[in-house]
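Listed here are the chains, written in short residue letters.
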Amino acid sequence: MYNCLCVKKMINQSYCAKKVWTVINHKHEYGGTSYVQYIKRLLKSKSDILAAFLLTFICLKFPFPFLPVDQGREFAVNGALSKGKTRGVGLTFVIAFIICSLLFMPITREFIIYCILLFAIMLSGYLDDAAETPWQDYKKGAIDLVLSIVTMWTFLNFNNSTIHIGSNVFELPVPVYFVLGIILIWVSINVTNCTDGVDGLSGSLCCVVISAFTVIFANELGYYVIADFIFVATLLAYLYFNSKPSSMLMGDAGSRALGFYIAIIAMKTGHPISYIILAIVLIVDGGLGLVKIFLKRFLKISILVNTRTPLHDHARKNKGWSDTQVVFRFIIMQIVAAMIGYIIITIL
């Protein structure tokens, strides 16, 4: 009888150990990260990440001579301080990202098309940066819409229209997913663009957002994890020069491309709704101004009349925050939001 109990106890211990290892070594049922595979993928791509950082750093250290110079933004808080700085260096780090991604990632037709579209959205932003007269909002919005449509057509040619909400899976009609995807891409491009107004802010927030998607959805993203690491590496090289007081600015060339890329990885996870929580600071900071302008321009409705937008301008002008406080506090809020998002996704 004693021997039987011992054997049973050993079996139970063995089963528990096996269960623990299964949870650690494999993706759990709620769509979490396969931590061992994630670490292996990170270690395998460390030289790729370093190469991306060094390439971007060198290109920014010796910037292209044709890059435009910022003329200062009349209506932005401290906008005059940007005057004379090299502008549009998003062109540099986006090209570095594309080159390194194509060199170090498995090549697929889908990813090549995304790289072409990423280059197109970056180029539209760069041409606006370089223009003597800034492009009209409608012109930029129309370009964003066209590229969003092409992107969604591409996405649905290589992926299905299912979305995950926690452990629940929903199959959306393709036209519905198509329209919602266009909205996601367009919104992501423009809220990220509006967030770029303080040295180090937009680049830092995008690092947090991309990293959050990568950590939480490593299995779902597959080899796009490598692309995420590479993009973060190029952003870190950029932030070396963009930290206050900055010597260069990403311009629309960088911010619009970043918003586009974040929307792509949000959809590639199969959990596009997670964008709302994992990019909440970008959405609130940049999106509130878009909502105010839309309501005022098209519906003649005024809201938040005593609130400056983007919110980082309100924090500086109305609340008296320094640029450094804005950057650090916004980053902290985004990190906390990512942690909350991870908990919610895991529980659901």
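Preceding this section is the structure that the text describes.
1. Details of the packing of aromatic side chains
Considering all chains together, one arrives at 16 aromatic pairs under this definition. When the centroid spacing of 4.2 Å and the interplanar angle of 20 degrees are considered together, the rings of Phe97 and Phe231 count as stacked. Pair noted here: Phe97 is in helix H4 (residues 90-104) and Phe231 is in helix H10 (residues 224-242), with a separation of 134 residues, a long-range link. Assigned by exposure class, Phe97 and Phe231 land together as buried. The ring of Trp135 carries the charged tip of Lys139 above its face, separated from the ring centre by 4.0 Å.

2. A look at the packing of helix H6 (residues 137-158) against helix H7 (residues 174-195)
Interhelical geometry of H6 versus H7 gives an angle of 135 degrees and a closest axis separation of 9 Å. Between H6 and H7, the interaxial angle falls into the category oblique. Viewed along their axes, H6 and H7 form a crossing whose handedness is right-handed. Two secondary-structure elements touch here, H6 through Gly141, Asp144, Leu145, Ser148, Ile149, Thr151, Met152, Trp153, Phe155 and Leu156 and H7 through Val174, Tyr177, Phe178, Gly181, Ile182, Ile185, Trp186, Ile189 and Asn190. A breakdown of the residues in the contact of H6 with H7 according to their chemical character gives 13 nonpolar, five polar and one charged.

3. Quick notes on the nonpolar core
By size, the foremost hydrophobic cluster in this structure holds 84 residues, and its most contacted members are Phe97, Leu118, Phe213 and Phe231. The biggest single contributor to this core is H10, with 13 residues. If we ignore the near neighbours within four places in the chain, the residues touching Phe97 are Phe111, Leu118, Ala227, Ile230, Phe231, Thr234 and Tyr261.

4. A closer look at the pairing of strand S3 (residues 168-171)
The pairing of strand S2 (residues 162-165) with S3 spans four bridges and is antiparallel. Paired with Thr162 across the strands is Glu171, a residue of S3. Linking two consecutive strands that pair antiparallel, namely S2 and S3, is a turn of two residues; a positive phi of about 65 degrees is found at Gly166 within it.

Cut-offs used in this document
- Residues numbered from 1 in each chain as written.
- Predicted model: local features only at pLDDT ≥ 70, side-chain atom pairs only at ≥ 80, totals over all residues.
- Heavy atoms only, no water.
- Phe/Tyr/Trp six-rings, centres within 6.5 Å; stacked < 30°, edge-to-face > 60°.
- Helix = DSSP H or I, 4+ residues; strand = E, 2+ residues; numbered from the N terminus.
- Buried < 20%, exposed > 50% of the residue type's maximum accessible area, 1.4 Å probe, protein only.
- Lys NZ or Arg CZ within 6 Å of the ring centre and 35° of its normal.
- Axes fitted to C-alpha atoms, helices over the stretch in contact; angles between N-to-C directions.
- Parallel < 35°, antiparallel > 145°, perpendicular 65-115°, else oblique.
- Left-handed = near helix turned anticlockwise from the far one by under 90°.
- Contact = heavy atoms within 4.5 Å.
- Nonpolar A, V, L, I, M, F, W, Y, C, P; charged D, E, K, R; others polar.
- Core = buried A, V, L, I, M, F, W, Y, C linked by side-chain atoms within 4.5 Å.
- Pairing = 2+ DSSP bridges.

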